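The chain contents come next:
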Amino acid sequence: MDNDLFDLKGKKAIVTGASRGLGRAIAVGLAKAGADVVVTDVLDSSETLEEIKKLDREAIGLKVDVTNKSDVEEMVEKTIDKFGKIDILVNNAGILKTGNAEDLSKGDWDKVIEVNLTGQFICAQTVGKKMIEQKSGKIINISSIAGLFGYATSVPYSASKAGVISLTQTLAAEWGKHKINVNSICPGVFATDMTDDYLNDKQFQERIKNNVPLSRYAKPEELIGTVIYLASNASDYVTGHSIVIDGGWTAAL
Ligand code: NAD
């Protein structure tokens, strides 16, 4: 097989929500595959930056709230100033708010939709304008298996993630003519700060053991192969698709 197919050398990537968890693993994974990376988050991203710099790749860290249009515009400007182009956007920033549907407030609903769905739209639109000028680009939106089936006590989260799948399909339909690929990834359960409470819960551990065909949750690094695939030339004819990485959980439902 042509080894260059998955090579990201010379590519410039932006990853949102990259100070920890899946975002950090994605940013470091892209750098390992050769990309230079703009690491963004509302939190401090210095640990992610240090890991990337150890790989002899270029990286800059920016404080960016994905729901704030002027932050996102600045993110694009600074990326262009530093790297001259944007080849890859990974829309990863996200939050989880759980609770019974009858108890969640409108504020809970609005916040989750704003970060998880509106934030991805703002980033895709702002970066997308540059990619349209460039006539190339790969956008990877992080959804969730919660967007594919009814997972109790996560109404706003699940709705936001189903929205991400639709955002992905619709942007793919609009921007194919500009040679921009837009795909999403639906992770199952990965060990991060977001899932910490679940993973310490005995009942949830049993649920994973009994319902996930591979009988375990995943490490953040297990997402990287798919991100590299979707960011690289290997996926040039793939767009509007959502790839499920869940140890088989949804396949076995
Ligand atoms: P995490 O909480 O460890 O990391 C999320 C990151 O997003 C944090 O660094 C946080 O500061 C950042 N963030 C939150 N709001 C932001 C905002 N407004 N602007 C910029 N950054 C913001 O969670 P994670 O598990 O690494 O989740 C990453 C993505 O993967 C999320 O979109 C999440 O919904 C999705 N996901 C995670 C799992 C899992 O099992 N961990 C499963 C499915 C989907």
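Residues numbered from 1 in each chain as written. Predicted model: local features only at pLDDT ≥ 70, side-chain atom pairs only at ≥ 80, totals over all residues. Heavy atoms only, no water.

1. With respect to the side chain of T79
Short version of the rule: Strands here are runs of E lasting at least two residues and helices are runs of H or I lasting at least four, both read from the DSSP assignment and numbered beginning at the N terminus. Any N or O atom pair separated by 3.5 Å or less is treated as a polar contact, with the protein-specific requirement of one donor-capable and one acceptor-capable atom, and with residues adjacent in sequence counted only for side-chain atom pairs. Only heavy atoms enter the contact rule, under which two residues are in contact if any of them lie within 4.5 Å.
Along the polypeptide, T79 turns up in helix 3 (residues 69-83). Engagement of the side chain of T79 in a polar contact is seen with the backbone oxygen of M75, the distance being 2.6 Å. Filtering out sequence-adjacent residues up to four positions away, T79 remains in contact with I14, V38, G84, K85 and I86.

2. Considerations on the side chain of S184
Within the secondary structure, S184 sits in strand 6 (residues 180-187). Looking at S184, its side chain comes within polar contact range of the side chain of S242, at 2.6 Å. Filtering out sequence-adjacent residues up to four positions away, S184 remains in contact with N141, S143, I165, T168, L230, H241, S242 and I243.

3. Concerning helix 4 (residues 106-134)
Put simply, the test is: In this analysis, the expected span of each helix is defined as 1.5 Å times one less than the number of residues it contains. The angle separating two fitted axes, one through the seven residues that finish at a residue and one through the seven that start at it, defines the bend at that residue.
Here helix 4 spans 40 Å end to end across 29 residues, near enough to the 42 Å set by a 1.5 Å rise per residue. Of all the bends in helix 4, the greatest, near 40°, is centred on E114. Where helix 4 terminates, the next one or two residues include K135, which has phi positive at roughly 60°.

4. Re the nonpolar core
As a reminder of what qualifies: Definition used in this section: a nonpolar core is a set of buried Ala, Val, Leu, Ile, Met, Phe, Trp, Tyr and Cys residues joined via side-chain atoms within 4.5 Å. The buried label applies to any residue whose accessible area, calculated with a 1.4 Å probe on protein chains only, is under 20% of its type's maximum; exposed applies above 50%, and partly exposed to all values in between.
Membership of the largest hydrophobic core comes to 32 residues, with the highest contact counts inside it found for L30 and V90. Of all the secondary structure elements, the ones that give two or more residues to this core are strand 1 (12-15), helix 1 (21-32), strand 2 (36-41), helix 2 (46-54), strand 4 (88-91), strand 5 (137-142), helix 8 (224-231) and strand 7 (242-245). When residues in this core are grouped by element, the largest group, 6 residues, is from helix 1. Among all residues touching V90, those that are not within four sequence positions of it are I14, V15, T16, I26, L30, I140, I142 and V227. Within the second largest apolar cluster, 26 residues are counted, among which are V38, L167, W175 and I180.

5. Describing the site of the ligand
The following threshold applies: Nearness is defined per residue: one heavy atom within 4 Å of the molecule or strand is enough. Surface exposure here means Shrake-Rupley accessible area, sampled with a 1.4 Å probe, where a residue is shielded only by the protein chains that are shown. Classification convention: Asp, Glu, Lys, Arg as charged; Ala, Val, Leu, Ile, Met, Phe, Trp, Tyr, Cys, Pro as nonpolar; all other residues, Gly among them, as polar.
Inspection of the region around the ligand gives 29 residues, with D41, N92, Y157, F190 and T192 positioned closest. Between V66 and the ligand, the recorded distance is 3.0 Å, taken from a backbone N or O atom to a nitrogen atom. Contact with the protein chains removes 95% of the 830 Å² of surface that the ligand exposes when unbound. Residue composition of the shell around the ligand, by class: 14 nonpolar, 10 polar and 5 charged.

6. Side note on the packing of helix 1 against helix 2
Rules: Only the stretch in contact is used when fitting a helix axis, every axis being a line fitted to C-alpha atoms; angles between N-to-C directions are given from 0 to 180 degrees. Here the angle decides the label: under 35 degrees means roughly parallel, over 145 means roughly antiparallel, 65 to 115 means roughly perpendicular, and every other value means oblique. Rotating anticlockwise by less than a right angle from the far helix to the near helix defines a left-handed crossing, while the corresponding clockwise rotation defines a right-handed one.
Two elements in contact, helix 1 and helix 2, have axes separated by 9 Å at closest approach and are oriented at 15°. In terms of orientation, helix 1 and helix 2 fall into the roughly parallel class. In the crossing of helix 1 with helix 2, the sense of the turn from one axis to the other is right-handed. For the pair formed by helix 1 and helix 2, the contact residues are R24, A27, V28 and A31 on the first element and E47, T48, E51 and I52 on the second. By residue class, the composition of the contact of helix 1 with helix 2 is 4 nonpolar, 1 polar and 3 charged.

7. A short note on helix 3
Here is the rule we go by: This arc corresponds to the set of directions leading from the helix axis out to the C-beta atoms.
Taking 1.5 Å of rise per residue, 15 residues should cover 21 Å, and helix 3 covers 21 Å from first to last C-alpha, within 8% of that figure. Along helix 3, the positions that sit buried rather than exposed are V72, M75, V76, T79 and F83. The arc that holds the buried residues of helix 3, viewed along the axis, is 90°, so those residues lie on one side. In helix 3, those exposed residues whose orientation departs by more than 90 degrees from the buried face are E77 and D81. Downstream of helix 3 by a residue or two, G84 has a phi angle that is positive, lying close to 80°.

All quantities given are derived from atomic positions and should not be read as evidence of function.
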